[in-house]
Each structure stands twice: as structure tokens, then as C-alpha cells.
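Here are the chains, one letter per residue:
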Protein chains: 2
Amino acid sequence: MTRRGNNAASGAPDRNGPRTPRHSARATRNAGQRMRSILLDAASALFKAHGLGGTSITAIAGAADAFPSQVTYYFRTKEALFVEAACRDVLHIAERTEKAAARARTPKAYAGALVDGVVGADGLALFVEALTLARQRPDLTPQIARTIERLHVEGARAYAGQMARHGWRTHHAPDVSARRFWTIALGIALEGHATGRGAAAMAAAMREALGEVAAARAKTVSLRLATASGRPPGKP
Amino acid sequence: MTRRGNNAASGAPDRNGPRTPRHSARATRNAGQRMRSILLDAASALFKAHGLGGTSITAIAGAADAFPSQVTYYFRTKEALFVEAACRDVLHIAERTEKAAARARTPKAYAGALVDGVVGADGLALFVEALTLARQRPDLTPQIARTIERLHVEGARAYAGQMARHGWRTHHAPDVSARRFWTIALGIALEGHATGRGAAAMAAAMREALGEVAAARAKTVSLRLATASGRPPGKP
């Protein structure tokens, strides 16, 4: 303040002046984001353990060493916090899984690594519940829509990069593959958690739904067509 | 009672005797099933309009011209009634849709009719919510598991019948196709209702996820392989 006052009095342009409040604003913003992040971590762990209904704002504040009023200041309602925690978690899962899958040497191994990293994750179950919740709460829809869009875009980008690096060719364009992958992951998680399936059974069901069988058969059909050359095709 | 007493006294075998109580038991059972069905109809309409949270047992009883105690007598809890109504609805949707699709003359038209009949239906949205609910309520899991199993079995049976009638051949076995179809339908409905998509957009997304693009491309690849005969394959 003193310096700003001095500068204003001298009339000289102040190169540091605008920087000082900007820096403080950034510091405040960073502190706010740290607190948001701490609250999201605490909320995510409690929601996974006890569900939306079994978790209170007081419990979340307690686990984050914060006041309940800080929870409502940053997130307004428990439901909005639930959706934000679920969206953040599923984006983390996707990022971590895409990094791990990048080591795969074949399309089949790549798909397998994606399936294993995503389908049994607690965070995916939370995201499924957030999607169901958003149906009743249109105010929560935009964040869900942005998250799904980002899963699709990042998934397509990762897949296209992997294909380019290894010179793979597949039936589907990367954007179609990414959308299919997440639709099937959501369907499998929804069915699997409702019927008490384990992660391994969900992964097997997801591999089947992604159509590895179809790919294998399509190859056989192509080869038969290629060698048949005029002969009527034999029995399967 | 009088007749049973008489027969017991005379010692003669009574051909009508066992029939009378059996008939009464059946009449009582039928009346019970009629009341269950009326309550399920009323509940289903209210749940679709107001959701699980916005519908009370009293409202359901009122809409069915029954007492609240009858609701709890037949279904115990509102959640159990919700799951039963959702399971019944989705089985009806599947049956109706498979009947309508049976008129299709090509595999593509068949898949399209199934998608259109299922994906935008209110009953599918209800079933998605029932699946989410069952995750928190293991007592509701068995009915969900039976319903999914029946969707798969009936879907595979309908598809196999259609293939046999028309002599169609496809990449997937009927049971795999039926499981994929329902997984993708659930995933699409979950995403679509959470993000406020309309029925037409959900149907388009589902057709893409089912992989019509893949089928069309696979055909092109096969034809190219078949005609290439020794030449290196040209650019796509």
C-alpha cells in the first residue's frame, strides 16, 4: 500500500506494483485450491467406504481437519461435492491407466491393460453413482458432461498416439473406440456392482463386450475368403 | 370342510376333495397376484414421474386404491418395490422390442429396431437406477441378477431364432451379442440420462457403440483381401 501510494504520488509507472496484489491473489487461490483438494481427497475416501447416504458433511470436514462451513463454502452441497470427487477420481483413473497401457506391445495387450486398470476401480463405481444422481439433479449435469467429454478426448488422443507409435491399424477410429470403451466400462461396472461381481469377472465380461472374439473371427473369415478364390465357401 | 369330513368318514377316495382347497388357494393366489400387479403398475408410473425419493408408499397405495399396509405386505420396503417394478418393466420392454424387431429383414434393421425400442425407454432409466440402488442393498441383488440373466437368455434366444429364420451369419454368437447389447444399452442410458441427451441421440450413440462401422469396414477389408491374391494391399 505504501509503495503504491508513493508511486501514485510520484506519477512514475510502477513495474512491481501490479505484481504484488497479483501474487497475493495467486497465493490465496493456491491456498483455496489446496483446501479444495484436501476436502476432495477426504470426501472421496469416505464416499467409497460409506456411500453418499452414509457420509455427512461433518464427517468430511472432520477427516480433512476443516470446518463444515468450509465444505459448503467450496462445494455448496454434499451432492455437488460427491459429483466433483467422482469426476476427479475417474479422470485420475483414466490418466493413470493410459500411462500404464502405453507399455503394451500389441493392440490386444493395450486393450487388456485399459480394461484391467479401469473396470474394477472404486472410482469408476463412484462415477456410475454420480451419473445416476445427475439424472435427478440438472445442476450437476454440466460437470458430468465435461468429464465424459474429457474421457473421450483424452482416450482418443492416447489411443491414436499408441497406434501411430506402433503402426497399428484397427477397425475403429480412435474417437469411436474411446467412446465405445467408456460406454462399455460404465455398463459393465453398473451391472457388475449391482450383482456383486468381482473385478476379474468384470474385466472378463468387458473384454468380451469389447469384441476380441469378433476381431479373432473376422480375421478367420477374411483368410478363408482370401484363399477360397472362386470355390464356394466350406462349412464353418 | 364338510365334504372332506364326510369323505374321511366313508374312507372312499375323493376325486373332487383335493381339488376344492387347491382351487381356493389358487383363487387367493390369483387375487394376490392381481393386487401385486396393480401396485406395481401404480408404483412404476409414480417412480417414472417423481423418482424413488419423490414417491412415498402412501402415494403408491393411493394411486392403486389400496392401503399402505398392503404395499408393505406385498413388497416390504419402497426400495424392494422399486427394484421389482424396474425389473418387471425392463423385461416387458425387452419382450415388446424383440417382438417388434422380428419383422426386420436384415441384421442391420434388426439391431436398429432393438436399439430404438430399448434405449430411450423410461423403464430402462428406472432399471439403471435400480442397479445403482442394488449396489448399496445386497438384499436386492438376487432379483437384479435374475433379471439380467433373463434379459441375456431371452435376447440370445430371440436373436438365434431370427438368424435361423433368415439364414443370417454374424461375427458374434447369439449369447455374446445379447450380453453386449444389454451392457451397451445400460452404459448409453446411464451416460445419456446424466447428460440430458434425447432418445434419438442415445440411439445414434448406441448404434455406433454396437459397431456397425466396424462391421461395414470389416467387410471392405475382407473383400480387399479376397481380390488382392498375392499383390501387396493398396492404400485404404
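Anyway, here's the lowdown on the structure attached to this text. (Residues numbered from 1 in each chain as written. Chains lettered and ligands numbered in written order. Predicted model: local features only at pLDDT ≥ 70, side-chain atom pairs only at ≥ 80, totals over all residues. Heavy atoms only, no water.)

**Thoughts on the pattern of salt bridges**
All names here are of chain A. If you walk through the whole model with that rule in mind, you get 22 salt bridges over all chains. Residue Asp116 pairs with Arg207 through a salt bridge whose shortest N-O separation is 3.5 Å. Taken together, the residues span a long stretch of sequence, with Asp116 in helix H6 (residues 107-118) and Arg207 in helix H10 (residues 199-210) at a distance of 91 residues. The shortest N-O distance in the salt bridge between Arg157 and Glu154 comes to 3.0 Å. Taken together, the positions of Arg157 and Glu154, both in helix H8 (residues 141-166) and three residues apart, correspond to about one turn of that helix. Three or more residues joined by partner-sharing salt bridges are found here, namely Glu79, Arg137 and Asp139. (Salt bridge = Lys/Arg side-chain N within 4 Å of Asp/Glu carboxyl O. Helix = DSSP H or I, 4+ residues; strand = E, 2+ residues; numbered from the N terminus.)

**Thoughts on the packing of aromatic side chains**
Residues and elements named next belong to chain A. Applying the stated criterion across every chain, the model contains ten aromatic pairs over all chains. Considering the side-chain rings of Phe47 and Phe82, the 4.8 Å spacing of their centres and the 80° angle between planes classify their relative orientation as edge-to-face. Placement of the pair is Phe47 in helix H2 (residues 19-50) and Phe82 in helix H5 (residues 78-101), with a sequence separation of 35 residues. Ring geometry for Phe181 against Trp182: centres 5.4 Å apart, planes inclined by 85°, an arrangement best described as edge-to-face. In this structure Trp182 comes out as buried when scored by relative accessible area, which is 4%. Aromatic rings pair up to connect Tyr110, Tyr159 and Trp168 into one cluster. (Phe/Tyr/Trp six-rings, centres within 6.5 Å; stacked < 30°, edge-to-face > 60°. Buried < 20%, exposed > 50% of the residue type's maximum accessible area, 1.4 Å probe, protein only.)

**With respect to the relation of the copies chain B and chain A**
Once chain B is rotated about the relating axis by 180° and shifted along it by 0.0 Å, it coincides with chain A to within an RMSD of 0.1 Å. Here the copies are linked by what is in effect a two-fold axis. (Least-squares fit on C-alpha atoms with pLDDT ≥ 70 in both.)

**Some details on the interface of chain B and chain A**
The parts lose accessible area when they come together, and the size of an interface is often stated as this lost area. Contact residues are listed per partner, giving 43 residues for chain B and 43 residues for chain A. When chain B packs against chain A, the two sides together hide about 3,900 Å² of surface, and 61% of this comes from carbon and sulfur. Connecting chain B to chain A are four salt bridges. For Glu129(B), the salt bridge is made with Arg135(A), and the minimal N-O distance between the two is 3.5 Å. Mapped onto the side of chain B that touches chain A, the elements with two or more residues apiece are helix H7 (122-136), helix H8 (141-166), helix H9 (174-194), helix H10 (199-210) and helix H11 (212-228) of chain B. Across the side of chain B that touches chain A, the residue classes break down as 20 nonpolar, 14 polar and nine charged. (Contact = heavy atoms within 4.5 Å. Buried area = accessible area lost by both parts, 1.4 Å probe. Nonpolar A, V, L, I, M, F, W, Y, C, P; charged D, E, K, R; others polar.)

**Remarks on the environment of Ala94(A)**
All names here are of chain A. Structurally, Ala94 can be placed in helix H5. Sequence separation between Ala94 and Glu154 is 60 residues, and the spatial gap between their C-alpha atoms is 8.4 Å. If we ignore the near neighbours within four places in the chain, the residues touching Ala94 are Leu151 and Trp182.

Bear in mind that shape data such as this cannot, by itself, settle questions of function.
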